[in-house]
Amino acid sequence: MFNRLPLACLATLFVWTGAASAQTFDMKGTWTGTSKSIVSGLAGYHPGTVAAKPAGGNRLTELPFTTRIEGQDGNRVWGTLSSAAAVDAVIGVISPDGKQLRLVLKGRGIIDGTIVDPDTIDIFYTEDRNGVAVAATNTWKRQK
C-alpha cells in the first residue's frame, strides 16, 4: 500500500526550502554605466549639444549615467537617475525571483533590467512621448 505521509513531508520541505532561499536583491547604492542610445527628437538626457553620430533622421549617442538607489523596502526601490544633462526621480520594483528590475522615470521612460550578479545589471531604456523616442542599452556596475 502507498504511504502518502512521506510524499506530503517532501512537498512541504520543497516549498519551505524554496521560500527560505528566495531573497530580495539589495539594490541600494550607486550604479554607473555608459548608455548606447538611438534618439529621435530632443530628449532631456540627450540634448542637441551632446556628441552624436547621425543615423537617418536619428542620433546615436553614448553617455555616462549614474543611478542612485537611496531606499529599498523589500522589492520596492526609489532614487535618482542622472547624466550631465538631467536628473530625475525613479521608482521601481524587483521581480519576486530577484532576477529582473523595472524602474519608472516619471514623465520620461521605463528601464527594464536583468540582474546579472550582485554588482551588475544589464538594462534597456525606452521612451516614447511628445515627439521624442529613445531606445538604449547600458550595463550598470555597482560602485564600491
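Computed from a predicted model, the values in this text were never measured in an experiment. (Residues numbered from 1 in each chain as written. Predicted model: local features only at pLDDT ≥ 70, side-chain atom pairs only at ≥ 80, totals over all residues. Heavy atoms only, no water.)

1. Examining the side chain of serine 83
Item 1. By the element assignment, serine 83 lies in the loop between β4 (76-82) and β5 (87-94).
Item 2. On the basis of relative accessibility, which here comes to 14%, the residue serine 83 falls in the buried class.
Item 3. A polar contact of 3.1 Å, which involves the side chain of serine 83, links it to the backbone nitrogen of alanine 85.
Item 4. Sequence-distant contacts of serine 83, that is, excluding residues within four places in its chain, are made with Tyr45, Pro64 and Phe65. (Helix = DSSP H or I, 4+ residues; strand = E, 2+ residues; numbered from the N terminus. Buried < 20%, exposed > 50% of the residue type's maximum accessible area, 1.4 Å probe, protein only. Polar contact = N/O pair within 3.5 Å; in protein donor to acceptor, adjacent residues only side chain to side chain. Contact = heavy atoms within 4.5 Å.)

2. Structural notes on empty space enclosed by the protein
Item 1. Counted according to the given criterion, the structure contains 1 cavity of 30 Å³ or more.
Item 2. Space inside the largest cavity adds up to approximately 130 Å³.
Item 3. Forming the boundary of the largest cavity are 15 residues, of which Ser35, Phe65, Leu81, Tyr125 and Ala136 lie nearest the centre.
Item 4. Of all the secondary-structure elements, those providing two or more residues to the lining of the largest cavity are β1 (29-40), β8 (120-129) and β9 (132-142).
Item 5. With 4 residues, the single largest contributor to the lining of the largest cavity is β9. (1 Å grid on protein atoms, 1.4 Å probe; cavity = no way out; pocket = protein on both sides within 12 Å on 5 of 7 lines; lining within 4 Å. Points joined across faces, edges and corners; volume = space filled by probe spheres on them.)

3. Considerations on the pairing of β4
Item 1. Within β4, 5 of the 7 residues are buried, which leaves it mostly tucked inside the rest of the structure.
Item 2. Sheet topology note: the strand β3 (residues 58-73)/β4 ladder contains 7 bridges and is antiparallel. Residue pairing across strands places glutamine 72 opposite valine 77, the latter belonging to β4.
Item 3. Linking two consecutive strands that pair antiparallel, namely β3 and β4, is a turn of 2 residues; a positive phi of about 65° is found at glycine 74 within it.
Item 4. Two strands pair when backbone bridges link them, and β4 and β5 are joined in this way by 7 bridges, in the antiparallel orientation. Following the sheet pairing, glycine 79 is matched in β5 by valine 90.
Item 5. The antiparallel pairing of β4 with β5 creates a hairpin that spans 4 residues between the two strands. (Pairing = 2+ DSSP bridges.)

These values are about where atoms sit, not about what they do.
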